[in-house]
Structure formats: C-alpha cells, structure tokens
Amino acid sequence: MLIVCEGSSTEPNYLWDLVSDLQLSSTNVHITGEGGSAPISVVDDAIKLFEADPEFDRVYCVFDKDRHASYDAARNKLRQHTLRRQVDGRRAGTAQFQDVVSVPCFEYWVLLHFEYTTAPFGRCRAVIDRLKRHPGMAAYEKGDAGLYQRIKPDMDQAMERAARAKAEADAAGTDDPLTEIHELVRDLRALKN
C-alpha cells in the first residue's frame, strides 16, 4: 500500500502513528508527504512513485479541498489514470488508485473525534478554531506530533460520524464538510487482519 499525502507532517505523522499502532510493517505500507501541497502534485507524485515501484496493490492520494485550485483536476486525473502492476517484471493486473479527500481539510476528521457536525466551514481555519474549543486541543497546530495518540480513544466514534457525514453530504449534493479518512483507516485495519 502506497499513501501519498499533501502535507509533509500532519497527515503523514498521523498515518505513521496509526500504522505503528496497528503493527503494520513498513514493507507493506509506504507513506510520504514529499510531493507538494497542491492536490495535482500529490497525484503526480503518486504516479511517479508507483511507476518506480509497480508492485503496490493500492495507491491512496490524501489531500484537502480547502482552496486548492487543482482539486478538481487532481480528482479527474486520478480517475482517468490506470496503474499497471508488475511483479517480478511481469504484468500483474491493475492497482487500486484512490483519492482520500477531506473538505475543507484533514482537521475535519480530527474534529469528528469530539463532535458531530455537518455545518459548512468554507475554510480550514474555521475547522481548526472549532477544534481548539475541545479539551486537550486548545494548542493544536498543523503538524502536531502525537495527534494520533491523543484522539485514538474516540476513533470508532469518529469513523461512524465520518461515514454519516459523507452520506449526508452525498445526499445533499455538497461536499462541505466531509472526509474520507475513515475509509483509509478501515483499509489499514483490514490490512492488519
């Protein structure tokens, strides 16, 4: 599994801590946040990394909508691109190539550990401001180390809330707010099992 993130610290730190907690091997999961912050650069980096090592079964591109101009272009490119796997130099079908988006940002996933809301935020700053109202989060800043451990006890509740929020957003024809991080967490948990 290859996971390419838009952030160089917040998302990769969180995901590495999750992978460590699940005791998954780094030979099974590779996480990077080196490709840039624009969604299109995340998708391009994922393609480049996959082409250098085409044995991955699944490739995830983790990025926010926030105010990124390339959000739609990135999602379209990802859906139109096929990743052809190779094992020992021979074709081995295609890899799953999936975006994992958060609107407006990853912090909406974090907020769902504390409360359920589908109020539109518009900007990430509004999500962070609301998040900081919760116990233990007043000093939160992007890139905080140890975030996973602080919110882990409420992960199952956040997963239920994220699924519910996504279903409501889909039904309402909107995307603010929503997150698909719960789907990646689910897939990582399945890899553990």
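Here, every reference points to the structure presented above.
Before going into details, it helps to say that this report is about the structure given with it. Once a new chain begins, its residue numbering starts again from 1 and follows that chain's sequence as written. pLDDT decides what is reported in this predicted model: residues at 70 or higher carry local features, side-chain atom pairs at 80 or more are listed and counted, and totals for whole chains, interfaces and linings draw on all residues regardless. Remark: hydrogens and water are excluded; side-chain values derive from all non-hydrogen atoms of the structure.

### Concerning the pattern of salt bridges
Worth spelling out the cut-off: The salt bridge definition used is simple: a Lys or Arg side-chain nitrogen within 4 Å of an Asp or Glu carboxyl oxygen. Numbering of helices and strands runs from the N terminus, with a helix taken as a DSSP run of H or I at least four residues long and a strand as a DSSP run of E at least two residues long. Throughout, exposure labels follow a simple rule: accessible area from a 1.4 Å probe, protein chains only, divided by the maximum for the residue type, with under 20% read as buried, over 50% as exposed, and the rest as partly exposed.
On inspection of all chains with the given rule, the structure shows 17 salt bridges. Residue E107 is joined to K142 by a salt bridge in which the shortest nitrogen-to-oxygen separation is 2.9 Å. Taken together, the positions of E107 in helix 4 (residues 107-111) and K142 in the loop between helix 5 (124-131) and helix 6 (147-151) put the pair 35 residues apart, joining distant regions of the chain. By relative accessible area, which is 0% here, E107 ends up buried. Among the ionic contacts, a cluster of salt bridges with common partners joins R75, R79 and D99.

### Re the pairing of strand 4 (residues 83-87)
Selection criterion: A pair of strands is treated as paired once DSSP finds two or more bridges between them.
Of the pairings in the sheet, the one linking strand 4 to strand 5 (residues 90-103) comprises 4 bridges and is antiparallel in character. When the bridges of strand 5 are listed, V87 appears paired with R90. Linking strand 4 back to strand 5 in an antiparallel pair, the connection comprises 2 residues, with D88 at a positive phi of about 55°.

### Some thoughts on the packing of helix 7 (residues 155-172) against helix 8 (residues 181-192)
Counted only if it meets this: Convention adopted: a line fitted to C-alpha atoms gives each axis, helices being fitted over their contacting stretch, and angles between N-to-C directions are expressed from 0 to 180 degrees. Roughly parallel refers to an angle under 35 degrees, roughly antiparallel to one over 145, roughly perpendicular to one between 65 and 115, and oblique to any angle outside these ranges. When checking whether two residues touch, look at their non-hydrogen atoms; a contact exists if any pair is within 4.5 Å. Note on residue categories: nonpolar means Ala, Val, Leu, Ile, Met, Phe, Trp, Tyr, Cys or Pro, charged means Asp, Glu, Lys or Arg, and polar means any other residue, Gly included.
Across the interface, helix 7 lies against helix 8 with an axial gap of 9 Å and an inter-helix angle of 130°. Relative to helix 8, helix 7 is oriented oblique. Seen from helix 7, the contacting residues are M155, D156, M159, A162, A163 and K166; seen from helix 8, they are H182, E183, V185, R186 and R189. Looking at side-chain class alone, the contact of helix 7 with helix 8 contains 5 nonpolar, 1 polar and 5 charged residues.

### Some thoughts on helix 2 (residues 39-52)
What counts, and what does not: Multiplying 1.5 Å by the residue count of a helix minus one yields the expected span of that helix.
Here helix 2 contains 14 residues, and its C-alpha end-to-end distance of 20 Å stays within 8% of the 20 Å for a straight helix at 1.5 Å per residue. What helix 2 keeps buried is the set P39, S41, V42, V43, D45, A46, I47 and F50. Here the buried face of helix 2 lies against strand 1 (2-5), strand 2 (30-32), strand 3 (58-64), helix 3 (71-80), strand 4 and strand 5.

### What to know about the state of the cysteines
What is meant by a disulfide is a covalent connection between two cysteines, made through their sulfur atoms. Definition in use: Here, a disulfide means two cysteine sulfur atoms that sit within 2.5 Å of each other.
Summed over the entire model, instances satisfying the criterion amount to 1 disulfide. At a sulfur-sulfur separation of 2.2 Å, the disulfide partner of C105 is C124. Taking the torsion about the S-S bond as the criterion, the C105 to C124 disulfide, at about 85°, is right-handed. One end of the pair, C105, is in the loop between strand 5 and helix 4; the other, C124, is in helix 5, and 19 residues separate them in sequence. On the accessibility criterion, C105 (1% relative accessible area) is buried. Relative accessible area serves as the criterion here: at 5%, C124 is assigned to the buried category. Among the cysteines around C5, which has no disulfide bond, C61 carries the closest sulfur, lying 9.3 Å off.

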